[in-house]
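# Structural characterization, general
Okay, here's what each chain looks like letter by letter:
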Amino acid sequence: MSTTELGVGYEVTIDRTFKAPRELVFDCMTRAEHLARWWGPHGFDVPFAESEARPGGRIRLDMRGPEPFGINEVHGEYEVVDRPDTLVMVLRAFRGADGSWGIEHRTTMVFSDVPEGTHMRMTTSVLQASEELLPALAGMREGWSQSFEKLEAVLVALG
């Protein structure tokens, strides 16, 4: 179920081309030391990252924003890890005081070779969202886009 309305089923698709080989782009999406360098919008960093890139493997990123944001733990699992073609993961964020998650989404990334380097199509589908976090979904496209801008700089540095 895909919808443009904020809430369950809300979907964001981003197509982007990176000037780097597919294997390197894929590794930057799955290796903790790389994820920590680009995850999150501008002004955010990741002081803690772990990633076990295999089906059923876990991922955790502590995304730290400027005040008043603080640290938001992102937890998830990899569903599909087919290097360097496809990556599917379910991510949860904004844990409430009762332990429930404010947002849960499935992110699918498909990578292909293009003359300029690597084309990536990323689709994120919201599986669950609390009422108070619905406004945050409106910034999902911009957040991912800014993260990928940061990834481009990491790819240049690694290249």
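The next subject is the packing of aromatic side chains. In this structure the tally under the stated criterion is 7 aromatic pairs. Here the aromatic rings of tryptophan 38 and phenylalanine 148 are separated by 5.9 Å at their centres, their planes lie at 35 degrees, and the arrangement is tilted. On the criterion of sequence distance, the pair formed by tryptophan 38 in helix 2 (residues 32–38) and phenylalanine 148 in helix 4 (residues 140–158) is long-range, its members being 110 residues apart. Like tryptophan 38, the residue phenylalanine 148 is buried in the burial classification. Between tryptophan 39 and tryptophan 144, the ring centres sit 5.3 Å apart and the planes meet at 75 degrees, which makes this aromatic pair edge-to-face. Note that tryptophan 39 is positioned in the loop between helix 2 and strand 2 (45–51) and tryptophan 144 in helix 4, a separation of 105 residues in sequence. Ring pairs connect the aromatic residues Phe18, Trp38, Trp39, Trp144 and Phe148, which therefore count as one cluster.

Per the stated rule, a full pass over the model turns up 15 salt bridges. For the salt bridge of aspartate 15 with arginine 121, the shortest nitrogen-to-oxygen distance reads 2.8 Å. Taken as a pair, aspartate 15 in strand 1 (residues 11–18) and arginine 121 in strand 7 (residues 117–129) lie far apart in primary sequence, 106 residues in all. Residue arginine 121 is classed as partly exposed on the basis of its relative accessible area of 43%.

Rules of the game
- Residues numbered from 1 in each chain as written.
- Predicted model: local features only at pLDDT ≥ 70, side-chain atom pairs only at ≥ 80, totals over all residues.
- Heavy atoms only, no water.
- Phe/Tyr/Trp six-rings, centres within 6.5 Å; stacked < 30°, edge-to-face > 60°.
- Helix = DSSP H or I, 4+ residues; strand = E, 2+ residues; numbered from the N terminus.
- Buried < 20%, exposed > 50% of the residue type's maximum accessible area, 1.4 Å probe, protein only.
- Salt bridge = Lys/Arg side-chain N within 4 Å of Asp/Glu carboxyl O.

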